[in-house]
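Residue-level listing of the chains:
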Amino acid sequence: MEMSKKKEPKKNKNNIKKKIRSIVFLGPSIIGVIVFFIAPFMVVIYYSLIDSVINRQPVGLDNYIKVFGNSAFLDASKNTAVFSLVAVPLAIVLSLVMSIILEQNIPMKSMFRTFFLSPLMVPTASVVLIWQVLFDYHGVVNEAAKFFGQTPVDWLKSDYSQIVVVILFLWKNLGYNMVLFMAALAAIPKDLLEVSWLDGASAWKQFWYIKFRYITPTIFFVGIMSLINSFKVFREVYLLSGDYPYDKLYMLQHFMNNTFRSLDYQKLSTAAIIMCLFMIVIIGFLFVIEKKLGEDLEG
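Treat the numbers as computed from the prediction; the structure is a model and nothing was measured.

## Focus: the overall build of the protein chain
- The number of helices and strands found in the protein chain is 12 helices and zero strands.
- In the protein chain, the succession of helices and strands from N to C terminus is α-α-α-α-α-α-α-α-α-α-α-α.
- Rg of the C-alpha trace for the protein chain: 26 Å, well past the compact-globule value of 19 Å for 299 residues, more than 25% over.
- The C-alpha extent of the protein chain, read off along each of the three principal axes, is 95 × 75 × 35 Å.
- Burial analysis of the protein chain (299 residues in total) assigns 34% to the buried set.
- Long-range pairs, those at least 24 residues apart, make up 67% of the contacts in the protein chain between residues at least 6 apart in sequence.
- Of the roughly 19100 Å² of accessible surface on the protein chain, 69% is carried by carbon and sulfur atoms.
- Across the protein chain, the centroid of the 29 positively charged side chains sits 13 Å from that of the 21 negatively charged ones.

Here it is as structure tokens:
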């Protein structure tokens with residue numbers, strides 16, 4: 001008993017030393033997060049609740065009401081939402097299909113894999129230049145359309161403009177998503193697949209009851225990453241069409257960029273907070289679905 005009592009203080013001291021050591025090592029990272037992420041975010045929240053940087057009078061939610069009544073913000077939000085709702089599911093489904101195809105023993109599999117990964121190594125400016133050559137009014141696509149007797153279309157200044165950007169988004173992101181799905185499929189125990197095959201399970205049943213269960217976390221991860229990347233498409237759209245593009249290409253980032261140029265910090269901060277809250281809600285919703293789906297699969 002006396003020996004155990006002597007050991008307890010030593011254990012407590014060791015635990016305290018370990019905690020102190022952990023805090024010391026984590027200190028620089030914690031300070032960095034506070035200085036470069038939390039503090040600026042608090043400043044943005046503060047700016048969204050005052051009338052101006054000079055007067056600094058609290059106005060409550062007036063800035064939020066004004067932003068929600070701003071037609072440019074509403075149009076940008078609608079365009080961004082439509083783009084994400086179209087591009088993100090396509091990115092998930094197409095990359096998953098490609099990974100399943102490349103999982104099979106097909107000829108030139110490594111060449112196809114390299115082809116789909118090549119967009120990751122191409123600079124954004126070069127990608128935009130290629131798309132301008134393809135979809136300009138006098139570009140390759142319209143020249144091909146003329147050859148087949150079709151009327152040329154000014155793709156970037158028409159109702160088809162978002163389709164052009166969706167194709168660009170998919171071309172850039174399918175390769176990365178495909179690699180993630182291939183890694184997830186490779187991690188599935190082969191014994192399960194062999195047993196199911198011996199039991200007479202079809203390829204569809206193997207996918208739905210075995211493969212889908214194991215790659216569900218990867219599907220949601222790819223979905224979140226694709227959603228975040230869909231909000232970054234502003235770079236390509238900006239280089240393709242400038243500050244004020246065709247109506248359907250006017251994204252939230254355009255609104256924020258133009259608001260920043262006019263030095264309207266209150267409107268900019270308010271729009272940033274709204275966008276952040278929207279992303280938190282969507283990602284939280286995806287995590288809830290993943291958790292419930294995981295529980296159903298385990299049950």
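Next comes the rest of the account.
## Here's the deal with unusual backbone geometry
- Residue Arg-56 is not a glycine yet carries a positive backbone phi of 60°.
- Tracing the backbone through its elements, the reader meets Arg-56 in the loop between α1 (2-47) and α2 (62-68).
- In the Ramachandran plot, Leu-263 falls in the positive-phi region, its phi being about 60° despite a non-glycine side chain.
- Secondary-structure assignment places Leu-263 in the loop between α11 (252-261) and α12 (265-298).

## Concerning the confidence of the model for the protein chain
- Scored by pLDDT, the protein chain comes out at a mean of 82, with 94% of its residues at no less than 70.
- Ranking the elements of the protein chain by mean pLDDT puts helix α4 (residues 109-117) last with 74 and α2 first with 90.

## Observations concerning a nonpolar patch on the surface
- Together, Leu-26, Ile-30, Ile-31, Val-33, Ile-34, Val-35, Phe-36, Phe-37, Ile-38, Phe-41 and Met-42 make up an exposed nonpolar region whose accessible area comes to about 1100 Å².
- Looking at the secondary structure, you find Val-33 in helix α1.
- When its relative accessible area of 38% is taken as the criterion, Val-33 is described as partly exposed.

## Section: the packing of aromatic side chains
- Counted according to the given criterion, the structure contains 12 aromatic pairs.
- Judged by centre distance (6.1 Å) and plane angle (40°), the rings of Tyr-46 and Tyr-47 are tilted.
- A relative accessible area of 38% means that Tyr-46 is categorised as partly exposed.
- Classification of Tyr-47 by relative accessible area gives partly exposed; the value is 22%.
- Ring plane angle 80° and centroid distance 6.0 Å describe the contact between Phe-135 and Trp-155, whose orientation is recorded as edge-to-face. Of this pair, Phe-135 sits in helix α5 (residues 124-135) while Trp-155 sits in the loop between α6 (140-147) and α7 (161-186), placing them 20 residues apart in sequence.
- Three or more aromatic residues link up through ring pairs in this structure, and these residues are Trp-131, Phe-135, Trp-155, Tyr-160 and Trp-171.

What counts, and where the lines are drawn
- Residues numbered from 1 in each chain as written.
- Predicted model: local features only at pLDDT ≥ 70, side-chain atom pairs only at ≥ 80, totals over all residues.
- Heavy atoms only, no water.
- Helix = DSSP H or I, 4+ residues; strand = E, 2+ residues; numbered from the N terminus.
- Rg over C-alpha atoms; globule rule 2.2 N^0.38 Å.
- Buried < 20%, exposed > 50% of the residue type's maximum accessible area, 1.4 Å probe, protein only.
- Contact = heavy atoms within 4.5 Å.
- Areas by Shrake-Rupley, 256 points an atom, 1.4 Å probe, with all protein chains shown as cover.
- Lys, Arg positive; Asp, Glu negative; His and termini not counted.
- Charge placed at Lys NZ, Arg CZ, Asp CG, Glu CD.
- pLDDT = per-residue confidence, 0-100.
- Patch = residues over 30% accessible without salt bridge, like charges linked within 9 Å, V, L, I, M, F, W, Y side chains within 5 Å.
- Salt bridge = Lys/Arg side-chain N within 4 Å of Asp/Glu carboxyl O.
- Phe/Tyr/Trp six-rings, centres within 6.5 Å; stacked < 30°, edge-to-face > 60°.

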